[in-house]
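# Residue-level structure breakdown
Here's the letter readout for the chains.
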Amino acid sequence: MTTTPAERTATSTERRTGVTEDLHLVDLGKEFEAFTAVHPLNLTVPGGTFFALLGPSGCGKTTTLRMVAGLEEPTTGHIRIGDKDITAAKAYQRNVNTVFQSYALFPHMNVLDNVMFGLKRRGDKDAKRKAQEVLSLVELAEVARKKPTQLSGGMQQRVALARAIVNRPDVLLLDEPLGALDLKLRRQMQIELKRIQSDVGLTFIHVTHDQEEAMTMADTIAVMNAGRVEQLGDPAALYERPATTFVANFLGQSNLLEGTLTGTRPDGLVTAQVHGHEVLVDASRVPEDIKDVWIGVRPEKLRLGDQGQNVLRGSVTDASFTGVATHYLVRMPWGHEITLVQQNDGSPRRSVGENVDVSWDAGYEFVLDQQQDEDAGIGRDDE
Ligand SMILES: Nc1ncnc2c1ncn2[C@@H]1O[C@H](COP(=O)(O)OP(=O)(O)O)[C@@H](O)[C@H]1O
Ligand SMILES: [Mg+2]
């Protein structure tokens, strides 16, 4: 069964006595001396949702999180949870917890004591029951009596997570929490984290430079670039309709074809010239008032063969078999190499040097202003 973020919020709200409030960042900005790390940004994170801040190293993600946590004083703006302004509140006064990449568990305490620690210090009579509950939620009930050092990295990270959610913070901040784990474990933890978030119904804000991680987990992603939110949306919307070349290149791969719009046909499709070839695009994809465009097509939207509304001919310069798919590079007559991904569904494989048709249908493209830098966001996610 799938639930929308709204439904998820509703059920989690029923389960709790309180309400999962929205987090509002209002004109929130941060300058370090003359350097602007975060330009005044406006963002609402709906209560009970999984929200990701995604962007390359140095774009201001951690600074934004630290302002929400109360660890960094904003230069401008406000932070509200629901109607409550917390801008001036000290870190310990905010009902906000953070999970970092390093687990910072107490090595001499067992897992249960680590998770109970904060609650007991605050004199919570129910500390043990709450800690046990949250340990079963993260599937660590069996290791409650073990010391952190006896656990794997992934398990330790789950202990840190249990400790951070046991007192039900209004917002849980996660700063690249999976960065230290190897790829396979990271993929596992991504699914786990998402499940836990939807079970507890708390607001999670997850910072990452890994686009696949953000897309796998988040209900909503804010893509940040140089201290600004460049686009906000759900993963599919960002992927299918990137608003800038930066988003198009940073989230997955894009082929950007240089085109000029030439007119609208009676059937509503817009015609464009791409290096002397006519290409059709969906009118709803075309921004207003521009003629010179990038026509963006994702590699998996392209097919080999001439069975599409748009056909370009080129020659294969690389064919890499990856098991589930084959990745092709096809050089166009004007020198540009197009990336194409063909599912390994039994269709014939092509070899280097072969001349091939590359085709796609109108409506599978996105159209951007050619004034934007075609290389924006390329090769910057390799922290
Ligand atoms: N305390 C600081 N003093 C000066 N510059 C800082 C400080 N903290 C962060 N910065 C700068 O602000 C920018 C954003 O940093 P950060 O928020 O850590 O980025 P991210 O988490 O996206 O990698 C970087 O250029 C970084 O060098
Ligand atoms: Mg960071």
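Residues numbered from 1 in each chain as written. Chains lettered and ligands numbered in written order. Predicted model: local features only at pLDDT ≥ 70, side-chain atom pairs only at ≥ 80, totals over all residues. Heavy atoms only, no water.

### Some remarks on the side chain of Glu-213
Tracing the backbone shows Glu-213 in helix α7 (residues 211-217). Every residue in contact with Glu-213, bar those within four places of it in the chain, is listed here: Leu-178, Arg-186, Gln-190, His-206 and Thr-208. (Helix = DSSP H or I, 4+ residues; strand = E, 2+ residues; numbered from the N terminus. Contact = heavy atoms within 4.5 Å.)

### So, the layout of surface pockets
If you add up the space inside the largest pocket, you get close to 820 Å³. Around the largest pocket, the lining is made up of 28 residues, and of these Val-96, Asn-97, Thr-98, Arg-163 and Ala-164 lie nearest the centre. Secondary-structure elements contributing two or more residues to the lining of the largest pocket are β6 (96-99), α3 (111-121) and α5 (153-165). Partitioned by chemical class, the residues of the lining of the largest pocket number 16 nonpolar, eight polar and four charged. (1 Å grid on protein atoms, 1.4 Å probe; cavity = no way out; pocket = protein on both sides within 12 Å on 5 of 7 lines; lining within 4 Å. Points joined across faces, edges and corners; volume = space filled by probe spheres on them. Nonpolar A, V, L, I, M, F, W, Y, C, P; charged D, E, K, R; others polar.)

### Observations regarding α5
For α5, which comprises 13 residues, the first-to-last C-alpha distance of 19 Å matches the rise-based estimate of 18 Å (1.5 Å per residue) to within 8%. Among the 13 residues of α5, 10 are classified as buried, and the element is accordingly described as predominantly covered. Gly-154, Gln-156, Gln-157, Arg-158, Val-159, Ala-160, Leu-161, Ala-162, Ala-164 and Ile-165 are the residues of α5 that are buried. The inward-facing, buried residues of α5 abut β6, α3, α4 (127-137), β7 (171-175), α6 (183-200) and β8 (203-208). (Expected span 1.5 Å × (residues − 1). Buried < 20%, exposed > 50% of the residue type's maximum accessible area, 1.4 Å probe, protein only.)

### Looking at α6
In an α-helix, one full turn covers 3.6 residues, which means residues spaced three or four apart are oriented alike. For α6, spanning 18 residues, the distance from its first C-alpha to its last is 26 Å, which sits close to the expected 26 Å at 1.5 Å a residue. Within α6, burial applies to Arg-186, Met-189, Gln-190, Glu-192, Leu-193, Ile-196, Gln-197 and Val-200. Two residues or fewer after α6 comes Gly-201, characterised by a positive phi angle close to 70°.

### Concerning the domain arrangement of the chain
If you check the domain split of the chain, you get domain 1 (5-240) and domain 2 (253-368). Its C-alpha centre places domain 1 at a distance of 39 Å from the equivalent point of domain 2. (Domains from an automatic or database assignment.)

### Re the pairing of strand β16 (residues 310-321)
By the bridge criterion, six bridges tie β16 to strand β19 (residues 355-360) in an arrangement that is antiparallel. Bridge pairing in β19 links Leu-312 to Val-358. Relative to strand β17 (residues 325-331), β16 runs antiparallel, the two being bridged by six bridges. By the bridge assignment, Ser-315 is partnered in β17 with Arg-331. Two successive antiparallel strands, β16 and β17, enclose a turn made up of three residues, where Gly-323 displays a positive phi of approximately 105°. (Pairing = 2+ DSSP bridges.)

### Overview of a negative patch on the surface
Residues Glu-258, Asp-292, Asp-373, Glu-374 and Asp-375 make up a contiguous surface patch of negative charge. Along the polypeptide, Asp-292 turns up in strand β14 (residues 292-297). (Patch = residues over 30% accessible without salt bridge, like charges linked within 9 Å, V, L, I, M, F, W, Y side chains within 5 Å. Areas by Shrake-Rupley, 256 points an atom, 1.4 Å probe, with all protein chains shown as cover. Salt bridge = Lys/Arg side-chain N within 4 Å of Asp/Glu carboxyl O. Lys, Arg positive; Asp, Glu negative; His and termini not counted. Charge placed at Lys NZ, Arg CZ, Asp CG, Glu CD.)

### Considering the site of ligand 1
What surrounds ligand 1 is the set Phe-32, Phe-35, Ala-37, Pro-56, Ser-57, Gly-58, Cys-59, Gly-60, Lys-61, Thr-62 and Thr-63. For ligand 1, an oxygen atom lies 3.1 Å from a polar atom in the backbone of Gly-60. If ligand 1 stood free it would expose 560 Å²; the protein chains cover 58% of that surface. Those elements that provide at least two residues to the shell around ligand 1 are β2 (35-45) and α2 (61-69). Residue contributions to the shell around ligand 1 peak at three residues, all from α2. (Near = heavy atom within 4 Å. Polar contact = N/O pair within 3.5 Å; in protein donor to acceptor, adjacent residues only side chain to side chain.)

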